[in-house]
Amino acid sequence: MKDLVILGAGTAGTMMSNHLAKRLPNDWRIRIVDQRKIHHYQPGYLFIPFGTYKEEDIIKPIQQFIPERAEYIQQSILKVDAEHNRVYLEDSRVLDYDVLIIATGTDIAPEEIDGMMGDHWHKSVFDFYTLDGAVKLHKKLENWKGGHLAVHITEMPIKCPVAPLEFTFLADAYFEQRGIRDKVKISFVTPMDGAFTKPVASAHLGHLLEEKGIEVVPNFNIMSLDGERKVITDYEGKEVSYDLLVTIPTNKGADYVERSGLGDELNFIPTHKGTLQSKAKENIFVIGDATNLPASKAGSVAHFEGEILLENIMRYINGKELLDEFDGHANCFVETGHGKALLIDFNYTHQPVSGTFPIPGVGPLNLLKESRMNHMGKMAFKWIYWNMLITGKHIPFVSSKMNEAGKNFEEANV
Amino acid sequence: MEATIAGQIIDLNNEGYLTDLNQWNKEVAAQIAQEEGIELTDGHWPVLEYLQEQYRNEVPLSIRKVGKSGVVDIKQFYALFPGGPLKKASRIAGIPKPASCI
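These numbers were taken from a predicted model, which means no experiment stands behind them.

## Notes on a nonpolar patch on the surface
A grouping of Ile359(A), Val362(A) and Phe397(A) is seen on the molecular surface, where their side chains present a nonpolar patch of about 320 Å² in accessible area. Relative to the elements of secondary structure, Ile359(A) occurs in strand β23 (residues 355–359).

See below:
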């Protein structure tokens, strides 16, 4: 009997357990470990603060999505001993493996910034990258009478890099709907040099911020937060005051990654960008947000990585050369408020450009352009997530490698 | 697009960043630094070399990573490249601008 162990039963881990259950030979055992019982549809967090989704709309039991062939172990991970091919769990169980897949993602670490945690946490300073934070922010927004809302990115990389911008657009629409938009000032505070950092996206979408009356504070690298004065300060002494701060705290990989000596300074795991094999050891593979790849940390990326990782694990156990083929493909809907959304499709080498998706020249979705159809696509995606994506079914017309047809790449050469 | 920097023809993108690190040398760096209002000193070179090494190894860069590199801390990094340290230092080092996905 040979052993494959998956760490993490989120988007990537659950999907891989389903892929592998269909392909691994019968003399392989599959075990998957996660400390949680509940699978969260994380793209849904964005909609909770505005009351579009409730908590119960975006959660289901993890076990429901684990294939019969795999054993689900609900337990915290203490450490990976890469040298001896062993995983230690908190209940003192030891799992030996022949192949390990790490899919433990990323979580917020507000304690990384001086003063961010304190009595003000979830009172005047909120996150929406956790279900708890999103639910508490919803309660706050419902009763908020107005003031200065600052939406803030602490540092890159973060999960779903477009979510802060989507939150800002949705907040603008939400306050308008409640009839208090004139009582709210909205700022977007970012360590990057603008809300949009890629030239083509910037040219197509820069107008949105002005139209919606959103002030952008660029090049702001936060050093500390003063919860009493309600001020954030950056390394150059610049200050932004707020009445309500919605921050994306530092994102880090899981703590056991650090204890195992497998991560970088943010506990992300050095990974070969084309093969998804870890740089530490041949029999350790990494997928999704847990990697240090220069790709977006997003469910769509994990989905595209999944097909290549499956192929590479089959090749690895058969002693064949790995495919060096992952191209960094990502595909993301971007909510812009008032029932509209954008769609972006890009990879390691191509920035998002305009065009049609998924069928070149036809659509029905438009790239880099606001439409109601794109918004409907985003809302329909929840069904696809539960019924196709994490269960490892192929999504029609959408290939793991980015399709270059139907896209206006000449825009990028101006 | 092409530009003449320190007497050499250099390929730049439309934001003024080198598109080929092989075309970089210290004279090119010094002239780009001047455009950014920075006079390069002995303190700048180890930072630029660190950034280039990370880029060659395909490691995404952040202010924190530079701050923990052992080369400079974040305050020193700001002092050397005031305004937008990672953005300016990347341009002077001949590597792409740090960017988000959009």
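## Side note on the pairing of strand β24 (residues 363–367) of chain A
Residue and element names in this part refer to chain A. As paired elements, β23 and β24 share five bridges and run antiparallel to each other. In the sheet register, Ile359 faces β24, and the bridge partner there is Gly363. Hairpin remark: β23 followed by β24, antiparallel, with three residues in the connecting loop; positive phi at Gly361, about 80°.

## Here we look at the side chain of His329(A)
Residues and elements named next belong to chain A. Along the chain, His329 turns up in the loop between α6 (299–317) and β21 (330–337). At 3.3 Å, the side chain of His329 and the backbone oxygen of Ser399 are in polar contact. Here Ser400 takes part through its backbone oxygen, which lies 2.9 Å from a polar atom of the side chain of His329. When near neighbours in sequence (up to four residues on either side) are disregarded, His329 contacts Val301, Phe304, Asp345, Phe346, Asn347, Ser399, Ser400, Lys401 and Met402.

## Some details on the state of the cysteines
Residue and element names in this part refer to chain A. Counted under the stated rule, the structure contains zero disulfides over all chains. You can see Cys160 has no disulfide; the closest cysteine sulfur is in Cys332, sitting 6.0 Å from it. Given the relative accessible area of 26%, Cys160 is considered partly exposed.

Conventions and cut-offs
- Residues numbered from 1 in each chain as written.
- Chains lettered and ligands numbered in written order.
- Predicted model: local features only at pLDDT ≥ 70, side-chain atom pairs only at ≥ 80, totals over all residues.
- Heavy atoms only, no water.
- Patch = residues over 30% accessible without salt bridge, like charges linked within 9 Å, V, L, I, M, F, W, Y side chains within 5 Å.
- Areas by Shrake-Rupley, 256 points an atom, 1.4 Å probe, with all protein chains shown as cover.
- Salt bridge = Lys/Arg side-chain N within 4 Å of Asp/Glu carboxyl O.
- Helix = DSSP H or I, 4+ residues; strand = E, 2+ residues; numbered from the N terminus.
- Pairing = 2+ DSSP bridges.
- Polar contact = N/O pair within 3.5 Å; in protein donor to acceptor, adjacent residues only side chain to side chain.
- Contact = heavy atoms within 4.5 Å.
- Disulfide = S-S within 2.5 Å.
- Buried < 20%, exposed > 50% of the residue type's maximum accessible area, 1.4 Å probe, protein only.

Shape descriptors only; they carry no functional weight alone.
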